[in-house]
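# Structural overview for review
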Amino acid sequence: MTHSDTKISKFLSLVLRHKPEAIGLDLDEKGWGALQELIEKAPMRLTRDDIFRVVRESDKQRFAISEDGLMIRANQGHSIEIDLGLEPVVPPDVLFHGTATRFLDAIRDNGLIRQNRQYVHLSPDRKTATKVGQRHGEPVILTVQAAVMHQAGHLFFVSDNGVWLTEKVPAAFIETPQE
Ligand code: HQG
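Residues numbered from 1 in each chain as written. Predicted model: local features only at pLDDT ≥ 70, side-chain atom pairs only at ≥ 80, totals over all residues. Heavy atoms only, no water.

### A short note on the sheet that holds strand E6 (residues 139-145)
The line we're drawing: The criterion for strand pairing is that DSSP finds at least two bridges linking the strands in question. For the purposes of this entry, the term helix denotes a DSSP run of H or I that reaches at least four residues, the term strand denotes a run of E that reaches at least two, and both are numbered from the N terminus. For this analysis, residues touch if any pair of their heavy atoms sits within 4.5 Å. Angles here are taken between N-to-C directions and fall from 0 to 180 degrees, while the axes themselves are lines fitted to C-alpha atoms, restricted in helices to the stretch in contact.
Reading across the sheet, the three strands line up as E4-E6-E9 and stay open at both edges, with antiparallel pairing between neighbours. Pairing within the sheet leaves two strands with one partner each, and these edge strands are strand E4 (94-100) and strand E9 (174-175). Sheet analysis places E6 next to E9, joined by two bridges and oriented antiparallel. Along E9, the bridge assignment pairs Val144 with Ile174. Helix H5 (residues 126-134) contacts E4 and E6 of the sheet and is inclined by roughly 25 degrees relative to E4.

Here it is as structure tokens:
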């Protein structure tokens, strides 16, 4: 992805996940916004082709285009309250969470909390979790006992781009290294 496409991707993440009001974009309750309106209200010059290219080439498939090609939304990562329309699913035995070592003490005390986002994000494999953790500092991978958590009544969802989502992970279900 070129430097300018990364800028477009960051802009799309901002308005589709966190601050649609920054450009006065209307999102429906499922998080969809009209492409045409987005193009008109964007602060930079943006074409439909630019958006389709960024959606196609996004390493994590962050965005989705509606079947009729008129709407766009983020697949996950929202801080605004929207209904992704995901059905609860049975998780695998374990899932992973990449974080930074400086958060470990707080996570051991309080479990994983969703912070600004709608859900806690979990990864299906250690490699992805490592990349997520690196965004915050020295990475550390936590193992979440997802199947046991599910049996205890917690709901799990998986986004269209394969990120596992749950509302919170109590400390009892988390294995941290150096225990
Ligand atoms: C930490 C990216 C202290 C948590 C990624 C994380 C992901 C606690 C940070 C997606 C805590 C929140 C989400 C507690 C959790 N005390 N710290 N009790 N509980 N934390 O960015 O999971 O590239 O909101 O460990 O790939 O890092 O944007 O969440 O370090 O899928 O598409 O609080 O964002 O995707 O950070 O990342 P974030 P995340 P994109």
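Moving on from the model shown.
### Side note on the site of the ligand
Applied cut-off: Here a residue counts as near a molecule or strand whenever at least one of its heavy atoms sits within 4 Å of it. The term polar contact refers here to a pair of N or O atoms within 3.5 Å; inside protein, the definition further demands a hydrogen-donor-capable atom paired with an acceptor-capable atom, and it admits residues adjacent in sequence only when both atoms are side-chain atoms. Methods summary: accessible areas were calculated by the Shrake-Rupley approach with a probe of 1.4 Å, and residue burial reflects only the protein chains presented. Method remark: on a 1 Å grid restricted to protein atoms, a set of points is classed as a cavity if a 1.4 Å probe fits but cannot get out and as a pocket if it is open with protein on both sides within 12 Å along at least five of seven lines; lining residues have an atom within 4 Å of a point. In this scheme, a molecule is assigned to a cavity or pocket if more than half of its atoms are within 2 Å of the grid points.
In the vicinity of the ligand, 18 residues are found, and the nearest of them are Lys60, Arg62, His97, Thr99 and His136. For the ligand, an oxygen atom lies 2.7 Å from a polar atom in the side chain of Lys60. Contacts to the ligand include Ile113, whose backbone N or O atom sits 2.9 Å from a nitrogen atom. Contact with the protein chains covers 87% of the free accessible surface of the ligand, which is 790 Å². Comparing atom positions with the cavity grids shows the ligand to sit within the largest pocket. Contributing elements (two or more residues each) for the shell around the ligand: E4 and helix H4 (104-110). By residue number, the principal contributor to the shell around the ligand is H4, which donates three residues.

### Overview of the domain arrangement of the chain
Test applied: Delimitation of the domains relies on an automatic or database domain assignment.
Per the domain assignment, the segments of the chain are domain 1 (3-74) and domain 2 (95-175). Relative to domain 2, the C-alpha centre of domain 1 lies at a distance of 27 Å.

### Focus on the nonpolar core
Here is the rule: The nonpolar core is taken to be a set of buried Ala, Val, Leu, Ile, Met, Phe, Trp, Tyr and Cys residues, with the residues joined through side-chain atoms within 4.5 Å. The rule is simple: take the accessible area with a 1.4 Å probe, protein chains only, and divide by the maximum for that residue type; under 20% is buried, over 50% is exposed, in between is partly exposed.
If you look at the biggest cluster of nonpolar residues, it comprises 19 residues, and the most contacted ones within it are Phe11, Leu12, Leu16, Leu38, Ile51 and Ile72. Looking at this core, the elements with two or more residues in it are helix H1 (3-18), helix H2 (35-41), helix H3 (48-57) and strand E3 (71-74). With five residues, H1 is the largest single contributor of residues to this core. Excluding residues within four positions of it along the chain, Leu16 makes contact with Leu25, Leu27, Phe63, Ile72, Arg73, Ala74, His78 and Ile80. Formed by 16 residues, the second largest nonpolar core is a distinct cluster that contains Leu112, Leu122, Phe173 and Ile174.

### Looking at the pattern of salt bridges
When their charged atoms lie close together, side chains carrying opposite charge are able to pair. The condition that has to hold: By salt bridge we mean one thing: a side-chain nitrogen of Lys or Arg within 4 Å of a carboxyl oxygen of Asp or Glu.
Counted by the stated rule, this structure contains six salt bridges. The salt bridge involving Arg53 is made with Asp5; its shortest N-O contact spans 2.8 Å. Pair noted here: Arg53 is in helix H3 and Asp5 is in helix H1, with a separation of 48 residues, a long-range link. Residue Arg53 is classed as partly exposed on the basis of its relative accessible area of 24%. For Asp5, a relative accessible area of 3% translates into the label buried. For Lys41, the salt bridge goes to Glu37, with nearest N and O atoms at 2.8 Å. On the criterion of helical spacing, the pair formed by Lys41 and Glu37 is a turn pair, its members being four residues apart in helix H2.

### Some details on unusual backbone geometry
Look at Gln61: it is not a glycine, yet its phi comes out positive at around 50 degrees. The exposure class of Gln61 is partly exposed, given its relative accessible area of 37%. For Gln115, which is not glycine, the phi torsion reads 55 degrees and is therefore positive. Structurally, the position occupied by Gln115 is in the loop between H4 and strand E5 (120-122).

### What to know about a positive patch on the surface
Quick reminder of the rule: Grouping into patches uses exposed residues only, defined as over 30% relative accessible area, and leaves out salt-bridged ones; the cut-off is 9 Å for like charges and 5 Å for nonpolar side chains (Val, Leu, Ile, Met, Phe, Trp, Tyr). We treat Lys and Arg as the positive residues and Asp and Glu as the negative residues; His and chain ends play no part in the count. Taken as the charge centre is NZ of Lys, CZ of Arg, CG of Asp or CD of Glu, depending on the residue.
The grouping of Lys60, Lys127, Lys131 and Arg135 at the surface amounts to a positive patch. By the element assignment, Lys127 lies in helix H5. Judged by relative accessible area, which is 62%, Lys127 ranks as exposed.

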